[in-house]
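Reading the structure
Next come the chains, spelled out residue by residue.
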Amino acid sequence: MTRLLATVFVALLVVTAPVTAAVGPTSTGGTTAALDTPEQPERISWVTTGADATAETTTKGPDLGSALAMGDTEFENRIELGALEQEFNNADSPEEQEAVLEAHREEIGDRTIALHDREAAIAAEYRAGEIDGDALLRDLAELSEEARTLGTAADKIEELSATDPRISVSVRNVRGELDRFDSPIRQDALDATYAESERTGPILLSAADDRLTVSTVENDTYVREGVQFDRFAPDEPGTFESLTELDDRGPELYPWIYANLFEFGISGYDWLIGLSLDHPRGQSMSYIDATTQDVVMEYHTLDVESLPTTSTVSRTNENATISSNRVTDGGPIRVAVTDPDSEDPMEATITVEGQHPVETGEDGTAWVLAPEGDVDVTATTEAGDVSITVREPGS
């Protein structure tokens, strides 16, 4: 179903601003609206929190079975594209050719909605204990691959439409809807599935009712994605009347980011609005449902060292001193391990309540993934163990 909103947000809008300015998107009338954003706390915000009814870490790596299955999908897609082109060429007039392309575009739209439904079903299976974390990550990667396959079909429709100026079939909206399945973590999982990249560090999976978050820390970059399945309402009419309303909604969802924007863009599609946000701590992408006005999916790629943390807590025994703080709302935990006498950095293996272990660097520090709430952190050194509880603010 095509939303009225798709006729309002007809192009990608990009706005640049100094770090301290809060600038809104350019409206269709060509003026720039200022965002009246109140002073915000230093902590960065993400919407998808409270998702730790089930939480575990897993890793991504080559999966021959998944690679073969995705290869089968690619083969089937080539056959479908060939059938589309043949059907297009067999049509007797430009009007019939346009009708062929419109029918295939509608099918891609229906299959895109089906991807949303399948994603929610996969997360529900994980929460129920019917699949493990490895299977969840594999299935998310396969969804991403299928979205790419549908994107290739959309490209073919655009290519055929361009062969005759009398034919006008746009696939911009559906291609934009498919982009939301192609997050950085899923891209990496796909590369690992095809053995195009090495197995990487742990990935934290957290799930609760109608919500899933996936996060990882790699090379001092914290990557976090979250999905809220019950915020997606593709069969309902859009409720945003103008860009001005989005000017207000964006800062409500991401107050710190909007208070510190470098640059952002808005893309309107059939069911979702894409917000691309560039700020001092990295980049964020959010897909907002045009009816519920809530975040369906968001992902953040952040400099982990720039993120504000809780106050540092420390504990010393005869083996080592452990010092730790954390990024709130389910963010990672920073751990430093030192000699109890000399205070020199110590090599240690860090574990958080049975999750995948992480090794400290030469400086004796490490960032480790952890679920929301209070967690116990243990550092294991050659001399022995030392543990500490790291608490969420207000707990």
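Structure report, in brief. Note that this is a predicted model, so its numbers are computed, not measured.

What counts and what doesn't
- Residues numbered from 1 in each chain as written.
- Predicted model: local features only at pLDDT ≥ 70, side-chain atom pairs only at ≥ 80, totals over all residues.
- Heavy atoms only, no water.
- Salt bridge = Lys/Arg side-chain N within 4 Å of Asp/Glu carboxyl O.
- Helix = DSSP H or I, 4+ residues; strand = E, 2+ residues; numbered from the N terminus.
- Buried < 20%, exposed > 50% of the residue type's maximum accessible area, 1.4 Å probe, protein only.
- Pairing = 2+ DSSP bridges.
- Axes fitted to C-alpha atoms, helices over the stretch in contact; angles between N-to-C directions.
- Patch = residues over 30% accessible without salt bridge, like charges linked within 9 Å, V, L, I, M, F, W, Y side chains within 5 Å.
- Areas by Shrake-Rupley, 256 points an atom, 1.4 Å probe, with all protein chains shown as cover.
- Lys, Arg positive; Asp, Glu negative; His and termini not counted.
- Charge placed at Lys NZ, Arg CZ, Asp CG, Glu CD.
- Phe/Tyr/Trp six-rings, centres within 6.5 Å; stacked < 30°, edge-to-face > 60°.
- Lys NZ or Arg CZ within 6 Å of the ring centre and 35° of its normal.
- Contact = heavy atoms within 4.5 Å.
- 1 Å grid on protein atoms, 1.4 Å probe; cavity = no way out; pocket = protein on both sides within 12 Å on 5 of 7 lines; lining within 4 Å.
- Points joined across faces, edges and corners; volume = space filled by probe spheres on them.
- Nonpolar A, V, L, I, M, F, W, Y, C, P; charged D, E, K, R; others polar.
- Core = buried A, V, L, I, M, F, W, Y, C linked by side-chain atoms within 4.5 Å.
- Parallel < 35°, antiparallel > 145°, perpendicular 65-115°, else oblique.

On to the pattern of salt bridges, then. Within the structure shown, the criterion is met by 18 salt bridges. With a shortest N-O distance of 3.5 Å, Lys156 and Glu85 are connected by a salt bridge. Placement of the pair is Lys156 in helix H4 (residues 133–161) and Glu85 in helix H2 (residues 64–90), with a sequence separation of 71 residues. Looking at Lys156, the relative accessible area reads 15%, which means it is buried. The salt bridge partner of Asp294 is Arg249, with a shortest N-O separation of 2.6 Å. Placement of the pair is Asp294 in the loop between strand E10 (282–289) and strand E11 (295–303) and Arg249 in helix H7 (residues 243–253), with a sequence separation of 45 residues. Through salt bridges that share partners, Asp230, Arg231, Arg249, Glu252 and Asp294 make up one connected network.

Strand order in the open sheet formed by 4 strands is E12-E13-E14-E17, with antiparallel pairing between adjacent strands. Each having just a single partner strand, strand E12 (313–316) and strand E17 (365–368) make up the two edges of the open sheet. Averaged over neighbouring strand pairs, the angle between their axes works out to 20° when direction is ignored. Across 6 bridges, the pairing between strand E13 (residues 321–326) and strand E14 (residues 333–338) is antiparallel. Bridged to Thr321 within E14 is Thr338.

Now for a negative patch on the surface. Taken together, the side chains of Asp220, Asp303, Glu305, Glu347, Glu359, Glu362, Asp363 and Glu382 present a region of like negative charge at the surface. Looking at the element boundaries, Glu362 is found in the loop between strand E16 (358–359) and E17.

Moving residue by residue along a regular strand, the side chains alternate between the two faces of the sheet. Counting buried positions over the 8 residues of strand E9 (residues 272–279) gives 6, a clear majority of the element. Bridge count between strand E8 (residues 263–268) and E9: 6 bridges; the pairing is antiparallel. Note that in E9 the partner of Gly265 across the bridge is Ser276. Connecting E8 to the antiparallel partner E9 that follows it, the hairpin turn spans 3 residues. Note that E9 and E10 share 8 bridges and pair antiparallel. When the sheet's bridge partners are listed, Leu272 is paired in E10 with Asp289. Taking the residues between adjacent antiparallel strands as the criterion, E9 and E10 are bridged by 2 residues.

What follows deals with the packing of aromatic side chains. Remark: the centre distance and the inter-plane angle together describe each pair of aromatic rings, the angle taken between the planes. Overall, the coordinates contain 2 aromatic pairs when judged by the stated rule. Consider the rings of Trp46 and Tyr222, whose centres lie 5.8 Å apart with planes at 55°: the pair is tilted. Of the two residues, Trp46 is situated in the loop between strand E3 (32–34) and strand E4 (54–58) and Tyr222 in strand E7 (residues 221–228); the sequence distance between them amounts to 176 residues. A single burial state applies to Trp46 and to Tyr222, both of which are buried. Ring geometry for Tyr258 versus Phe264: centroids 5.9 Å apart, planes at 55°, classification tilted. In this structure Phe264 comes out as buried when scored by relative accessible area, which is 4%. Taking NZ or CZ as reference, Arg180 lies 4.2 Å from the ring centre of Phe181, over its face.

Moving on to the environment of Arg111. In this fold, Arg111 is placed in helix H3 (residues 94–127). The class of Arg111 is partly exposed, set by a relative accessible area of 27%. The sequence separation of Arg111 and Glu146 amounts to 35 residues, and the corresponding C-alpha distance is 9.6 Å. With near-sequence residues (within four places) excluded, Arg111 lies in contact with Glu80, Glu146 and Leu150.

As a further point, take the layout of surface pockets. The volume enclosed by the largest pocket comes to roughly 360 Å³. Broken down by secondary-structure element, the contributors of at least two residues to the lining of the largest pocket are strand E6 (211–218), E16 and E17. The leading source of residues in the lining of the largest pocket is E17, at 4 residues. For the lining of the largest pocket, a count of residues per class yields 8 nonpolar, 8 polar and 4 charged.

Adjacent strands of a sheet pair through backbone hydrogen bonds, lying either parallel or antiparallel. With antiparallel pairing, the 4 strands of this open sheet are ordered in space as E16-E15-E18-E19. Of all strands in the sheet, those bounded by a partner on one side alone are E16 and strand E19 (384–390). Where strand E15 (residues 349–352) and strand E18 (residues 375–381) come together, 4 bridges link them in antiparallel fashion. Pairing of Val352 across the sheet is with Val377, part of E18.

What follows deals with the nonpolar core. Of all hydrophobic cores here, the largest spans 49 residues; its most connected members are Leu101, Ile108, Leu115, Leu136, Ile157, Leu212 and Val214. In terms of residue count, H4 provides more of this core than any other element does, 12 residues in total. Of all hydrophobic cores here, the second largest spans 27 residues; its members include Leu253, Leu261, Val327 and Trp367.

The next thing to look at is the packing of H3 against H4. Direction vectors running N to C along H3 and H4 enclose 170°, while the axes themselves pass 10 Å from each other. In terms of axis orientation, H3 runs roughly antiparallel to H4. Considering only residue class, the contact of H3 with H4 consists of 15 nonpolar, 4 polar and 6 charged.

Mapped onto the fold, His116 is located in helix H3. With relative accessibility at 4%, the residue His116 sits in the buried group. Discounting chain neighbours no more than four positions away, the residues touching His116 are Arg180, Phe181, Phe232 and Leu272.

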